[in-house]
Amino acid sequence: MEDNSKLWQDFVVGDQSALEQIYNSHFDALASYGLRIVADAGLVEDAIQDVFLNLWRRRRYLGKVENVRFYLCKALRNQLNRNNRYEPFHTTDDIDGFLDYLSTVSCEQESIGVETRQALIQTIQIALAELSNRQREVVHLRFYQGLSLDQAALVMNVQKQVVKNLLTQSYARLRASLRTLVSVLVMLLFQ
């Protein structure tokens with residue numbers, strides 16, 4: 001796979017295949033992130049298409065981009081805001097989708113019994129449900145999109161310290177929730 005910065009520069013000078021490669025290599029991550037903001041896959045796909053159409057139209061005015069994924073996440077969030085459909089984690093379907101993303105497991109973990117996996121998913125779902133919308137969003141950006149604190153702050157349009165505070169609060173709440181829930185789960189499983 002070609003380096004993203006090289007692809008970006010090729011795209012900026014008019015190489016459609018470079019833009020197509022950028023689109024293909026980042027679509028899944030963008031769709032996953034977009035679904036954390038808007039629960040409608042159709043709206044997210046439309047917004048991603050809008051982002052790439054706008055990039056193509058404005059390519060002559062674009063400069064060098066250090067982190068293409070960060071740039072695209074920020075552009076997608078802005079596009080969703082412009083589309084007036086921004087409501088992060090509004091319904092339980094949003095949380096379920098997020099949990100589906102979290103519960104993607106490796107081959108070794110597939111051997112875990114169905115009941116145990118269901119209990120684990122429910123435990124995580126309960127713990128995440130206790131987080132605020134912003135806390136869930138910052139956890140997703142930081143750990144599932146791999147953005148730095150600075151990049152997450154830019155995507156969320158907040159100060160870096162706000163991101164740090166949200167992460168600290170999220171850790172504390174998740175630790176407390178999971179500790180309590182795992183204790184209850186162990187008691188239930190081994191009765």
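Because the structure is a prediction, the values reported are computed rather than measured.

Caption draft 1: Representation of the nonpolar core. Ranked by internal contacts, the top residues of the largest apolar core, which has 40 residues, are W8, F11, I48 and F52. Of all the secondary structure elements, the ones that give two or more residues to this core are α1 (4–12), α2 (16–37), α3 (41–58), α4 (68–82), α8 (133–144), α9 (149–156) and α10 (160–189). Element by element, the count of residues in this core is highest for α2, at 9 residues. Once residues lying within four places of it in the same chain are set aside, the contact partners of F11 are A18, L19, I22, L55, W56, R59 and L62.

Caption draft 2: Quick look at the pattern of salt bridges. One pass over the full model with this rule turns up 4 salt bridges. The residue K6 makes a salt bridge to D10 at a minimum N-O spacing of 2.8 Å. Of this pair, K6 and D10 both sit in helix α1, separated by 4 residues, roughly a single helical turn. Of the residues examined, D10 reaches a relative accessible area of 17% and is grouped as buried. A salt bridge links E137 to R134, with the shortest nitrogen-to-oxygen separation between them at 3.7 Å. Highlighted residues: E137 and R134, both in helix α8, separated by 3 residues, approximately one helical turn. Owing to a relative accessible area of 2%, E137 belongs among the buried residues under this scheme.

Caption draft 3: Local environment of α9. Residues Q151, A152, A153, V155 and M156 constitute the buried set of α9. Of the residues one or two after α9, N157 is the one with positive phi, at around 60°.

Caption draft 4: Layout of a nonpolar patch on the surface. Taken together, F143, Y144 and Y171 make up a surface patch of nonpolar side chains, about 280 Å² in accessible area. By secondary structure assignment, the location of F143 is in helix α8.

Caption draft 5: Representation of the packing of aromatic side chains within the structure. Enumeration according to the criterion identifies 5 aromatic pairs in this entry. Ring geometry for W8 versus Y71: centroids 5.2 Å apart, planes at 65°, classification edge-to-face. In this pair, W8 is assigned in helix α1 and Y71 in helix α4, connecting sequence segments 63 residues apart. Residue W8 is classed as buried on the basis of its relative accessible area, which comes to 1%. By relative accessible area, Y71 is classed as partly exposed at 23%.

Caption draft 6: Quick look at unusual backbone geometry. In this model, N157 sits at a positive phi of 60°, which is unusual for a non-glycine residue. Looking at the secondary structure, you find N157 in the loop between α9 and α10. The class of N157 is exposed, set by a relative accessible area of 52%.

Caption draft 7: The packing of α3 against α4, seen in detail. With their axes 9 Å apart at the nearest point, α3 and α4 run at an angle of 115° to one another. Between α3 and α4, the angle falls in the class roughly perpendicular. α4 is crossed by α3, and the crossing has right-handed handedness. Taking contact as the criterion, the partners of L43, V44, A47, I48, D50, V51, F52, N54, L55 and R58 in α3 are, on α4, Y71, L72, A75, L76, Q79 and L80.

Caption draft 8: View of α1. Where α1 is concerned, the buried positions are L7, W8, D10, F11 and V12. Buried residues belonging to α1 abut α2, α3 and α4. G14 occupies a position one or two residues after α1 and carries a positive phi of about 110°.

Rules used in this analysis
Residues numbered from 1 in each chain as written. Predicted model: local features only at pLDDT ≥ 70, side-chain atom pairs only at ≥ 80, totals over all residues. Heavy atoms only, no water. Core = buried A, V, L, I, M, F, W, Y, C linked by side-chain atoms within 4.5 Å. Buried < 20%, exposed > 50% of the residue type's maximum accessible area, 1.4 Å probe, protein only. Helix = DSSP H or I, 4+ residues; strand = E, 2+ residues; numbered from the N terminus. Contact = heavy atoms within 4.5 Å. Salt bridge = Lys/Arg side-chain N within 4 Å of Asp/Glu carboxyl O. Patch = residues over 30% accessible without salt bridge, like charges linked within 9 Å, V, L, I, M, F, W, Y side chains within 5 Å. Areas by Shrake-Rupley, 256 points an atom, 1.4 Å probe, with all protein chains shown as cover. Phe/Tyr/Trp six-rings, centres within 6.5 Å; stacked < 30°, edge-to-face > 60°. Axes fitted to C-alpha atoms, helices over the stretch in contact; angles between N-to-C directions. Parallel < 35°, antiparallel > 145°, perpendicular 65-115°, else oblique. Left-handed = near helix turned anticlockwise from the far one by under 90°.

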